[in-house]
Amino acid sequence: MNKSDCRYNLYINILKEELVPAMGCTEPICLAYAAAKAKNILGEMPDKVEILASGNIIKNVKSVIVPNTNGMKGLKASVAIGIVGGNPDKELEVIANVSEEEKKATERFLEEIPMTIKHINCQEQLDVTVKLYKGEHSASVRISGFHTNIVHIQRDEKVLFESNSIAKPSKELTDRSILSMEGIYDFANSVDIQDIKDILKRQLDYNKAISDEGLRNDWGANIGSLLINNYGNDVKIKARAWAAAGSDARMNGCELPVIINSGSGNQGITASMPVLAYAKEYNIDDERLYRALIVSNLTAIHQKTTIGRLSAYCGAISAGCAAGCGIAYLLGENLETISNTLSNSLSITSGVICDGAKASCAAKIATAVDSGITGYLMSKNNKNFCPGDGLIGNNIEKTIRNIGRLASEGMRETDKEIISIMTEE
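Below you will find a few notes about this structure. (Residues numbered from 1 in each chain as written. Predicted model: local features only at pLDDT ≥ 70, side-chain atom pairs only at ≥ 80, totals over all residues. Heavy atoms only, no water.)

**A look at the layout of surface pockets**
Size it by volume and the largest pocket reaches roughly 730 Å³. Looking at the lining of the largest pocket, the elements with two or more residues in it are α11 (286-307) and α15 (396-410). No other element matches the five residues that α11 contributes to the lining of the largest pocket. Looking at side-chain class alone, the lining of the largest pocket contains nine nonpolar, 12 polar and nine charged residues. (1 Å grid on protein atoms, 1.4 Å probe; cavity = no way out; pocket = protein on both sides within 12 Å on 5 of 7 lines; lining within 4 Å. Points joined across faces, edges and corners; volume = space filled by probe spheres on them. Helix = DSSP H or I, 4+ residues; strand = E, 2+ residues; numbered from the N terminus. Nonpolar A, V, L, I, M, F, W, Y, C, P; charged D, E, K, R; others polar.)

Okay, structure coming up:
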């Protein structure tokens with residue numbers, strides 16, 4: 001794929017749009033961002049707060065620790081920290097610079113200010129509105145579709161901004177339908193490394209830092225260090241452990257930023273750390289590593305294009321299977337082997353559900369990476385699952401569409417039941 005190909009700059013744009021920094025689980029941060037924006041619109045501290053959230057937001061905020069809150073969880077904590085200490089100009093790093101005094105003020109805010117939560121049924125799986133009131137004045141901000149996509153801003157009765165539709169967001173994104181496994185492989189082989197080096201180096205730097213933190217210290221269930229301590233330092237174990245450790249720390253309140261993929265820090269960590277582990281093991285040069293990361297990241301994004309940002313389908317599966325593809329590319333495999341890696345690995349773990357962001361995500365990540373590696377070993381040894389086996393299509397693009405259909409349509413009722421179970425008192 002040369003630079004005159006229309007896809008070339010579009011693929012670069014997709015990487016730039018997706019591989020961005022975030023601190024904390026992106027669903028609580030989405031709420032904090034909306035709250036911080038609404039506070040700016042209101043212009044003063046509110047005396048009442050209303051939170052309207054889709055089921056998948058509730059599911060993914062309920063059990064994860066919000067950074068810079070001294071260990072608090074939940075929608076109210078996410079909104080309160082955004083109001084008290086958030087900087088909306090920093091978007092997904094909105095609460096990165098909260099002071100100790102602001103943490104204490106957040107605790108007082110939660111004690112003193114009435115806050116209500118309403119579960120809204122809507123088409124979009126990611127949809128939040130934060131409404132703030134002060135006397136006779138009010139301000140509201142709605143985010144829908146993806147984590148920073150503000151579609152409505154209002155102060156009192158005056159609408160300050162409104163997107164024409166969710167399909168036309170306030171920030172236009174590059175059309176992801178241009179992605180294909182053939183295109184991804186071609187782009188990885190031919191891209192000028194200088195065009196993408198800074199994006200991918202930042203991903204490695206950020207995500208390795210939080211992975212190391214997860215391995216060093218006590219975070220959540222310590223899945224990463226548990227794997228290494230009990231199974232040894234084989235590269236297949238390290239690949240799983242490095243990814244899991246980043247999630248150990250991130251899901252349990254670590255304040256280090258990560259570089260996300262498809263709106264998820266866990267997916268960004270999962271798509272990158274296993275590939276880095278293999279590169280270190282085999283002393284592979286940086287250029288080859290960056291090209292392999294292109295395969296891993298874009299393959300994860302390609303899958304999520306049909307699945308959606310949030311669903312009942314565990315996003316770590318997409319990223320773990322994509323990591324297997326990145327590892328295959330790193331070790332010199334061709335497009336056929338990489339495609340079969342994805343098909344095989346998706347066949348192994350495509351039924352894993354998402355029951356919210358929490359400590360156990362790290363274990364699911366380890367499982368997802370294991371399926372990616374197993375899928376690669378199967379493909380390398382010409383032991384592949386066949387078209388017609390379950391959800392496997394007659395080519396890799398059909399398989400990706402089948403998985404997307406399962407996740408976005410077939411699992412809607414599953415998602416409703418998960419949310420119902422999780423929100424039972």
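**Some thoughts on helix α4 (residues 75-85)**
Along α4, 10 of the 11 residues are buried, which leaves the element largely enclosed by surrounding structure. Residues of α4 that are buried include every one of Leu 75, Ala 77, Ser 78, Val 79, Ala 80, Ile 81, Gly 82, Ile 83, Val 84 and Gly 85, and no others. Turning to α4, the residues buried within the fold contact α2 (26-42), β2 (48-53), α3 (55-61), α5 (100-112), β3 (115-119) and β4 (127-134). (Buried < 20%, exposed > 50% of the residue type's maximum accessible area, 1.4 Å probe, protein only. Contact = heavy atoms within 4.5 Å.)

**Concerning the pattern of salt bridges**
Taken as a whole, this structure holds 24 salt bridges when the rule is applied. Taking the shortest distance from any N to any O, the salt bridge between Arg 7 and Glu 182 comes out at 3.5 Å. Of this pair, Arg 7 sits in helix α1 (residues 6-18) while Glu 182 sits in helix α6 (residues 181-190), placing them 175 residues apart in sequence. Assessed through its relative accessible area of 41%, Glu 182 is described here as partly exposed. Here Arg 155 and Asp 156 are joined by a salt bridge, their closest N and O atoms 3.1 Å apart. Counted as one network, the salt bridges with shared partners bring together Asp 5, Arg 7, Glu 182 and Asp 186. (Salt bridge = Lys/Arg side-chain N within 4 Å of Asp/Glu carboxyl O.)

**Examining the pairing of β2**
With six bridges connecting them, β2 and β4 associate as antiparallel partners. Bridge assignment links Glu 50 to a residue of β4, and that residue is Lys 131. Sheet analysis places β2 next to β3, joined by five bridges and oriented parallel. The partner of Leu 52 across the bridge, within β3, is Lys 118. (Pairing = 2+ DSSP bridges.)

**Observations regarding empty space enclosed by the protein**
Regions of empty space are outlined by a rolling probe, equal in size to a water molecule, passed over the atoms. Summed over all chains, the structure comprises one cavity of 30 Å³ or more. Put simply, the largest cavity is a space of about 290 Å³. Forming the walls of the largest cavity are 27 residues, and the residues nearest its centre are Asn 60, Ser 264, Gln 267, Gly 315 and Cys 354. Elements represented by at least two residues in the lining of the largest cavity include exactly α2, α9 (235-251), α10 (265-281), α12 (315-330) and α14 (361-380). At three residues, the largest contribution of residues to the lining of the largest cavity is made by α14. Of the residues in the lining of the largest cavity, the class split is 10 nonpolar, 11 polar and six charged.

**Structural notes on the nonpolar core**
Of all hydrophobic cores here, the largest spans 115 residues; its most connected members are Phe 187 and Leu 298. With 10 residues, α2 is the largest single contributor of residues to this core. If we skip the residues at most four places from it in the chain, Phe 187 touches Met 1, Tyr 8, Tyr 11, Ile 12, Leu 15, Ile 294 and Leu 298. (Core = buried A, V, L, I, M, F, W, Y, C linked by side-chain atoms within 4.5 Å.)

**Comments concerning unusual backbone geometry**
Of all residues except glycine, most have a negative phi; of all peptide bonds, most are trans. Phi is positive for Asn 68, which is not a glycine, with a value near 60°. Inspection of the secondary structure puts Asn 68 in the loop between α3 and α4. The backbone phi angle of Ser 262 is positive, close to 55°, even though this residue is not glycine. Locating Ser 262 in the fold gives a position in the loop between β8 (257-259) and α10.

**Some words on the pairing of strand β5 (residues 137-144)**
Counting buried positions along β5 gives six out of eight residues, so the element sits mostly inside the fold. Where β4 meets β5, eight bridges bridge the pair, whose relative direction is antiparallel. Following the sheet pairing, Leu 132 is matched in β5 by Ala 139. Linking two consecutive strands that pair antiparallel, namely β4 and β5, is a turn of two residues; a positive phi of about 60° is found at Gly 135 within it. Where β5 lies against strand β6 (residues 150-155), five bridges are found, and the strand directions are antiparallel. Along β6, the bridge assignment pairs Val 141 with Ile 153.

Honestly, it's all geometry; don't read function into it.
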